[in-house]
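Each chain is listed here by its residues.
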Amino acid sequence: MSVLTELKNRGLQDILIACMDGLTGFPEAVRAVYPETRVQLCIVHMARNSTKFVSYKDLKKLCADLKAVYSAVSEQAARAALGEFGRIRDGKYPMIYQSWARHWEDLSEFFKYPPEIRRAIYTTNAVESLNYRLAKSRKTARHFQRTMLY
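Residues numbered from 1 in each chain as written. Predicted model: local features only at pLDDT ≥ 70, side-chain atom pairs only at ≥ 80, totals over all residues. Heavy atoms only, no water.

(A) Spatial organisation of the overall build of the chain. When helices and strands are counted, the chain shows nine helices and two strands. In the chain, the succession of α and β elements from N to C terminus is α-β-α-β-α-α-α-α-α-α-α. In the chain, which comprises 150 residues, the share counted as buried stands at 33%. Taking as baseline every contact in the chain between residues at least 6 positions apart, the subset at least 24 positions apart corresponds to 58%. Accessible area of the chain: about 10200 Å², with a carbon and sulfur share of 59%. (Helix = DSSP H or I, 4+ residues; strand = E, 2+ residues; numbered from the N terminus. Buried < 20%, exposed > 50% of the residue type's maximum accessible area, 1.4 Å probe, protein only. Contact = heavy atoms within 4.5 Å. Areas by Shrake-Rupley, 256 points an atom, 1.4 Å probe, with all protein chains shown as cover.)

Structural data, given as structure tokens:
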């Protein structure tokens, strides 16, 4: 919340869409400071967290069932796929369906955009990869600066 407030104080007036992983309280903090912001939770993080305690023998089929949800052509089709997932998997893994249903508002935002944009906003992996590469290049640049001084 303090980081978002600081951004607002520095002049950031609005955020159209905030793509984020499952950090607890972050969507609420964004909405408190920027009430018009649309939140999209990272599908990859959600799927990864959903399969954390799944038996290895069930993993492949369960992931295919989840993929039917987030790769659906529309939000209505995805909601139907999620209902089907709950019907099939609720007996053995009820927490997965409950978690997806509870977070559906923030998981389904990307369905409001064309497929080209969906690819950019359904996961935070591209941003994380960019941050990793920037940090690595800064570290390398600092190393070369020190060696060149001697």
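(B) Region of interest: the nonpolar core. In this structure, Leu-62, Ile-96, Trp-100, Trp-104 and Leu-107 are the most contacted members of the largest nonpolar core, which totals 31 residues. Where this core is concerned, the elements lending two or more residues are strand S1 (17-20), helix H2 (26-33), strand S2 (38-41), helix H3 (43-50), helix H4 (56-70), helix H5 (75-89), helix H6 (94-102) and helix H7 (104-107). The dominant element in this core, judged by the number of residues it contributes, is H5, at four residues. Other than its neighbours up to four places away in sequence, Ile-96 contacts Ser-50, Val-54, Leu-62, Leu-66 and Phe-85. (Core = buried A, V, L, I, M, F, W, Y, C linked by side-chain atoms within 4.5 Å.)

(C) Representation of the packing of aromatic side chains in the model. One pass over the structure, following the stated rule, counts three aromatic pairs. Between Phe-110 and Tyr-122 the ring centres are 6.3 Å apart and the planes differ by 35°, which places this aromatic pair in the tilted class. Of this pair, Phe-110 sits in the loop between H7 and helix H8 (115-121) while Tyr-122 sits in the loop between H8 and helix H9 (125-149); the two residues are 12 residues apart in sequence, bridging distant segments of the chain. Look at Phe-110 and you get buried, because its relative accessible area is 3%. An aromatic cluster is defined as three or more aromatic residues linked by ring pairs; in this entry it consists of Trp-104, Phe-110, Phe-111 and Tyr-122. (Phe/Tyr/Trp six-rings, centres within 6.5 Å; stacked < 30°, edge-to-face > 60°.)

(D) Local environment of the environment of Lys-8. Looking at the secondary structure, you find Lys-8 in helix H1 (residues 2-9). Expressed as a C-alpha distance, the spacing of Lys-8 and Tyr-34, which sit 26 residues apart in the sequence, is 8.6 Å. Polar side-chain contacts of Lys-8 include one of 3.4 Å to the backbone oxygen of Val-33. (Polar contact = N/O pair within 3.5 Å; in protein donor to acceptor, adjacent residues only side chain to side chain.)

(E) Focus on the packing of H4 against H5. Viewed as axis vectors pointing N to C, H4 and H5 meet at an angle of 155°, and their least axial separation amounts to 7 Å. Viewed along their axes, H4 and H5 adopt a mutual orientation that is roughly antiparallel. Facing Lys-61, Leu-62, Asp-65, Leu-66, Ala-68 and Val-69 of H4, the residues of H5 in contact are Ala-78, Ala-81, Leu-82, Phe-85, Ile-88 and Arg-89. Class assignment of the residues belonging to the contact of H4 with H5 gives a composition of nine nonpolar, no polar and three charged. (Axes fitted to C-alpha atoms, helices over the stretch in contact; angles between N-to-C directions. Parallel < 35°, antiparallel > 145°, perpendicular 65-115°, else oblique. Nonpolar A, V, L, I, M, F, W, Y, C, P; charged D, E, K, R; others polar.)

Shape descriptors only; they carry no functional weight alone.
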